[in-house]
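Residue strings, one per chain:
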Amino acid sequence: ASSLRRYCSTQSALQTLKVRQKIDEKREAALLGGGQKRIDAQHRKGKLTARERINVLLDPGTFVEYDMFMEHTCTDFGMEKEKIPGDSVVTGHGLINGRRTYVFSQDFTVFGGSLSMAHAKKICKIMDQAVLVGAPVIGLNDSGGARIQEGVESLAGYADIFQRNVTSSGVVPQISMVMGPCAGGAVYSPALTDWTFMVKDTSYLFITGPDVVKTVTGEEVTQEELGGAKTHTTVSGVAHKSFENDIDALLQLRTFMGYIPQSNRDPAPIRPSDDPWDRHVPGLNTVVPLESTSAYDMMDVILGVVDEREFYEMMPLYAKNLVTGFARMAGRTVGIIGNNPKHAAGCLDINASVKGARFVRFCDAFNIPIITFEDVPGFLPGTAQEYGGIIRHGAKLLYAYAEATVPKITVITRKAYGGAYDVMSSKHLRGDTNYAWPTAEVAVMGSKGAVSIIFRGKGSVEQEQEYVDKFGNPFPAAVRGYVDDIIEPATTRKRICEDLELLTNKKVEQPWKKHANMPL
């Protein structure tokens, strides 16, 4: 009996050692991904591997991996002989500057990063947990698309991810960093997230590739022209920012994450600031030219007002007539929107309206106060804009501002003309504090056009001057209470910081509704 016990004990010990050995082997295989040869190929393209990207993005030693041993279940086309632990995605959570973040990183060295059902389940698991604990989700996309061998199961996996993108929207921030190809149905996950970033020369986003385009339409186009970073950050507006390479992209993403809250339950982040909240900015007194038709750069105003001249601009290459981005005021994150007279005179057009509306809705969803610097001569006229639907698209920006319940502070630096005055966070759209500089002009339109209409084309220079005297100043709005005060430009920072402190506990009651029907 004792020898039998000894035998059983020895067998048990051997079995334990065998299992441990298998665990170590599988772990090594998972860490190696598709093998050294494919890793080298990834490096030759100027790209990091999935795990290297996570190591750069997260604080050292903080990554906790999930489902390292998960494998695909496909048995068709010889796939049962090709199984790699962890499959084609690395998932888990870690810290970015000490704050919890969930991340998935697609591994191009394993089946070209293609999405299997196992791959989708891994992503869905971290997305569910992110909502549960209230932490952002970052997706590092580098995938050849659906795993064709799995057929409809792969498509089901995509839909599972899309559903979670929609469910998580407005609950936790979702960021997509496209670091390789992303084609077909796969593009809709980045499109559903809050922010989409791309890496120059190595990342592509398109529904159908150049070959299909040529077959169907006869157009010859390269991958870069069709869906490269330049196309999507300057022409389509699908991507919000692009970076030089993987390292630059991941380090910039770490900076960006410092501006956004963990979830919709958290206030805008605050960090200590050495920049005095009541600092005067004398340069603002002369930033607006004396000639009302002369251009100036709204970035000069923004950089003068914000903490330490630090401004993280979003979509800097798209619709340059509207500036959007994140900054800090007295250490607190704020979203900043400004018409930029340097480009298209600061007019609102289709692209600027969509860009601004999306930004305002993100800030409102995640409790980030909105500061608006206004110098807008109106909506851009022309058949191209009218045929493109400027009415519908302009209504998006109007809707976003009217719907927003976060603190809203507006500074009219110069022109506030026509319907565009109403749209840009006016007092009538529940603006909390609205200021005008002495250079402000709140009017239906410019003097020349107004006099021409009033006097049926027979207006004189004297009548134009009379119109300017009447409306070319901030008084018409101030005497009616549409602006709260006419302030010296140098005091703008101090006034905004005081108002942000005042509005910290702002609460707005909304009538019950299932959801609104915004003009999409």
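Preceding block: the structure.
Residues numbered from 1 in each chain as written. Predicted model: local features only at pLDDT ≥ 70, side-chain atom pairs only at ≥ 80, totals over all residues. Heavy atoms only, no water.

This next bit is on the overall build of the chain. Of regular secondary structure, the chain possesses 19 helices and 17 strands. With the principal axes as the frame, the chain shows a C-alpha extent of 115 × 55 × 45 Å. By residue count, 50% of the 520 residues in the chain fall in the buried class. With an accessible surface of roughly 24300 Å², the chain has 56% of that area assigned to carbon and sulfur atoms. Charged side chains of the chain number 58 positive and 60 negative; the gap between the two group centres comes to 6 Å. (Helix = DSSP H or I, 4+ residues; strand = E, 2+ residues; numbered from the N terminus. Buried < 20%, exposed > 50% of the residue type's maximum accessible area, 1.4 Å probe, protein only. Areas by Shrake-Rupley, 256 points an atom, 1.4 Å probe, with all protein chains shown as cover. Lys, Arg positive; Asp, Glu negative; His and termini not counted. Charge placed at Lys NZ, Arg CZ, Asp CG, Glu CD.)

For the rest of this paragraph, the subject is the sheet that holds strand S9 (residues 241–243). Spatially, the seven strands line up as an open sheet ordered S1-S2-S3-S4-S5-S7-S9, and their pairing is mixed. Two strands in the sheet have a free side with no partner beyond their single neighbour: strand S1 (64–66) and S9. Direction aside, neighbouring strands of the sheet carry axes that sit 20° apart on average. In the sheet, S1 pairs with strand S2 (residues 89–96) via three bridges, with the strands oriented antiparallel. In the strand pairing of S2, valine 64 is matched with histidine 93. Against the sheet, helix H4 (residues 117–133) makes contact with S1, S2, strand S3 (99–106), strand S4 (137–141) and strand S5 (174–178), and its axis sits at roughly 25° relative to S2, the strand it touches most. (Pairing = 2+ DSSP bridges. Axes fitted to C-alpha atoms, helices over the stretch in contact; angles between N-to-C directions. Contact = heavy atoms within 4.5 Å.)

A few words now on the pairing of strand S15 (residues 433–436). In regular strands, side chains alternate between the two faces of the sheet. Of the two faces of S15, the one carrying Thr433 and Tyr435 and the one carrying Asn434 and Ala436 are both buried. Sheet topology note: the strand S14 (residues 408–417)/S15 ladder contains four bridges and is parallel. Residue pairing in the sheet places threonine 410 in a bridge with asparagine 434 of S15. What joins S14 to S15 is helix H15 (residues 418–423), and the crossover it makes is right-handed. Pairing geometry for S15 and strand S17 (residues 485–486), over two bridges, is parallel. Its bridge partner lying in S17, tyrosine 435 is registered against aspartate 485. (Right-handed = clockwise from strand over helix to strand, strands pointing away.)

On to helix H14 (residues 390–403). Quick reminder: α-helices carry 3.6 residues per turn. Residues three or four places apart thus point the same way. Taking 1.5 Å per residue, 14 residues should reach 20 Å; H14 reaches 20 Å between its end C-alpha atoms and fits that length. By the burial criterion, the buried members of H14 are Ile390, His393, Gly394, Lys396, Leu397, Ala400 and Tyr401. Seen along its axis, H14 keeps its buried residues to an arc of 135°; they face one direction. Those residues of H14 that are buried are in contact with strand S12 (332–339), helix H12 (350–365), strand S13 (370–376), helix H13 (383–388), S14 and H15. (Expected span 1.5 Å × (residues − 1). Arc of directions from axis to C-beta.)

Attention now moves to the pairing of S12. Across the eight residues of S12, eight count as buried, placing the element largely inside the fold. Side chains of S12 alternate between two faces, with Arg332, Val334, Ile336 and Gly338 and Thr333, Gly335, Ile337 and Asn339 buried alike. Across eight bridges, strand S11 (residues 322–329) lies against S12 in antiparallel orientation. Within the sheet, the bridge partner assigned to threonine 324 lies in S12 and is isoleucine 337. The hairpin turn running from S11 into S12, its antiparallel successor, is two residues long, and alanine 330 in that turn takes a positive phi close to 55°. Of the pairings in the sheet, the one linking S12 to S13 comprises four bridges and is parallel in character.

In this structure, serine 263 sits in the loop between helix H10 (246–257) and helix H11 (298–305). Exposure remark for serine 263: the relative accessible area of 2% places this residue in the buried category. Between the C-alpha atoms of serine 263 and glycine 134, which are 129 residues apart in sequence, the distance is 5.2 Å. Aside from chain neighbours lying at most four places away, what touches serine 263 is Gly134, Val171, Val172, Pro173, Phe366 and Asn367.

Now for the environment of tyrosine 421. With respect to the helices, strands and loops of the structure, tyrosine 421 is situated in helix H15. Judged by relative accessible area, tyrosine 421 falls into the buried class, the value being 10%. Between the alpha carbons of tyrosine 421 and glycine 145 there is a distance of 45 Å; along the sequence they are 276 residues apart. Excluding residues within four positions of it along the chain, tyrosine 421 makes contact with Glu374, Val376, Ile412, Ala416, Ser426, His428, Val442 and Tyr482.

Time to look at H10. The end-to-end C-alpha distance of H10 is 16 Å, a good match for the 16 Å that twelve residues give at a rise of 1.5 Å each. For H10, every residue scored as buried is listed here: Asp246, Ala249, Leu250, Leu253, Arg254, Phe256 and Met257. Across the axial projection of H10, the buried residues extend over an arc of 165°, all falling on one side. The N-cap residue of H10 is asparagine 245: its side-chain oxygen and the backbone nitrogen of isoleucine 247 are 3.2 Å apart. (Polar contact = N/O pair within 3.5 Å; in protein donor to acceptor, adjacent residues only side chain to side chain.)

Turning our attention to the pattern of salt bridges. If you walk through the whole model with that rule in mind, you get 22 salt bridges. A salt bridge links arginine 53 to aspartate 142, with the shortest nitrogen-to-oxygen separation between them at 3.0 Å. Of this pair, arginine 53 sits in helix H3 (residues 50–57) while aspartate 142 is found in the loop between S4 and helix H5 (152–168), placing the two residues 89 residues apart along the sequence. Note on arginine 53: relative accessible area 0%, which makes it buried. For aspartate 142, a relative accessible area of 0% gives the class buried. A salt bridge links aspartate 484 to lysine 427; its shortest N-O distance comes to 2.7 Å. With aspartate 484 in the loop between helix H18 (475–478) and S17 and lysine 427 in the loop between H15 and S15, this residue pair connects regions lying 57 residues apart in the sequence. Through salt bridges with shared partners, one network takes in Lys47, Arg53, Asp142 and Asp246. (Salt bridge = Lys/Arg side-chain N within 4 Å of Asp/Glu carboxyl O.)

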